[in-house]
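Fold and geometry: a report
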Amino acid sequence: MSLYAAFRSIGAYVPEKILTNADLEQMVDTSDEWITKRTGIKERRLAADDESTSDMAAKASQIAMDRAGLTHEDIDLVVCATVTPDYFNMPSTATVISDKLNIRNVQAFDISAACSGFVYALSVARAFVESGMKKNVLIIGAEKFSSIVDWTDRGTCILFGDGAGAAVISATEDKSEAIIDIHASADGAYTDMLITPAPGSVHPMNQANLDAGLQYVQMKGNETFKLAVKTLTKDVKEILEKNNIDAADIPHFIPHQANYRIIKAVGDALGMREDQTVLTIHKYGNTSAASIPMAINDLYEAGGLKHGELMLLDTFGGGLTWASAVLPFAGKNA
Ligand code: COA
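Residues numbered from 1 in each chain as written. Predicted model: local features only at pLDDT ≥ 70, side-chain atom pairs only at ≥ 80, totals over all residues. Heavy atoms only, no water.

On a plain count of helices and strands, the chain comes out with 11 helices and 13 strands. For the chain, the spread of C-alpha atoms along the principal axes amounts to about 60 × 45 × 35 Å. The buried share of the chain, taken over its 334 residues, is 57%. Contacts in the chain between residues far apart in sequence, at least 24 positions, make up 77% of those at least 6 positions apart. Counting every atom, the chain has about 14,100 Å² of accessible surface; 50% of that belongs to carbon and sulfur. In the chain, 29 side chains carry a positive charge and 43 a negative one; their mean positions are 3 Å apart. (Helix = DSSP H or I, 4+ residues; strand = E, 2+ residues; numbered from the N terminus. Buried < 20%, exposed > 50% of the residue type's maximum accessible area, 1.4 Å probe, protein only. Contact = heavy atoms within 4.5 Å. Areas by Shrake-Rupley, 256 points an atom, 1.4 Å probe, with all protein chains shown as cover. Lys, Arg positive; Asp, Glu negative; His and termini not counted. Charge placed at Lys NZ, Arg CZ, Asp CG, Glu CD.)

Attention shifts here to the domain arrangement of the chain. Taken domain by domain, the chain consists of domain 1 (4-176) and domain 2 (181-328). The C-alpha centroid of domain 2 is placed 14 Å from the C-alpha centroid of domain 1. Between domain 1 and domain 2, roughly 3,600 Å² of surface is buried when both sides are summed, and carbon and sulfur atoms account for 66% of that area. Joining domain 1 to domain 2, the criterion identifies 1 salt bridge. For Arg67, the salt bridge goes to Glu301, with nearest N and O atoms at 2.7 Å. Going through the elements one at a time, β1 (4-13), α2 (32-39), β3 (43-46), α5 (117-130), β6 (136-144), α6 (154-157) and β7 (162-172) are the ones with two or more residues in the side of domain 1 that touches domain 2. Tallied by class, residues from the side of domain 1 that touches domain 2 come to 24 nonpolar, 13 polar and 11 charged. (Domains from an automatic or database assignment. Buried area = accessible area lost by both parts, 1.4 Å probe. Salt bridge = Lys/Arg side-chain N within 4 Å of Asp/Glu carboxyl O. Nonpolar A, V, L, I, M, F, W, Y, C, P; charged D, E, K, R; others polar.)

Right under this line is the structure:
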């Protein structure tokens, strides 16, 4: 009997505080009109000062576990995708989340793949489950991106927000529930496109590096934009062709929410209709690894995602990394 990996549930946590484009107009030389036109973002959420990535992640995870009908005792692997961990280097945010959820004595680790992190985590969960090594994997995409943003840099600070999303990936023998395919790729030739230079072994934490602002995210926005459109269009076309799936037959296209113009360009190249495309960019901005699970959760809570319906995910981020996935939702209806 073959084992398959099923996307069993979704959960998310959205911080309370809202930062609008009007608020940003007071902080940097920008305008609501520019941000809306160039990105599609109207507002984003910010975590409270005393709210960590793991706090948000644990709340999203508890919802995902409850919706899967599982307790902390059922989870046998925790994987957290984040580039804004509670602690740089150690311990991993996944271990902190495990503690907050009372998940004991199981493997737990982080994935660093920037905005592609959640789909990377999905591919890892699938491999563990299909190999028979784990039964119920908790995967999380969580970011307190506000903690690495330079709030004086208008090229980046308008884009990002905070939040968390989580899912449970479980073993099944029912092939109709199985994740169909995942592509996950990286190209290190583009390291400097999107980078937080410090702290790390190249630029350790010291006063000179802090004074130079190396702890903040740096992005070559326009070049990243062009690469994202080109790479994602090719990757998503490939995954659909490989699996003989027509874009018109995908009810839910759930792209990474970095820029509305990227989503639109890739969607148009695939011939996606507006009603197929899930959009949260206007209210959350770019929440990096949390973006896709937060979008899936929005769709689910609105009653728009039913058991067995196909999702097409695509994402692109620092590394550079990119990934796409085709899978049915294998959870209970909301
Ligand atoms: N408000 C007003 N003007 C701004 C601005 C802001 N917040 N940010 C940049 N500008 C200005 C620039 O200074 C530039 O002015 P200039 O022509 O006088 O030099 C002009 O707007 C155009 O800048 P450019 O960077 O070419 O704009 P853009 O159309 O590429 O939009 C981004 C900028 C960041 C919105 C866009 O490039 C983007 O979304 N990039 C990809 C983000 C992404 O996908 N990241 C990876 C995944 S996480």
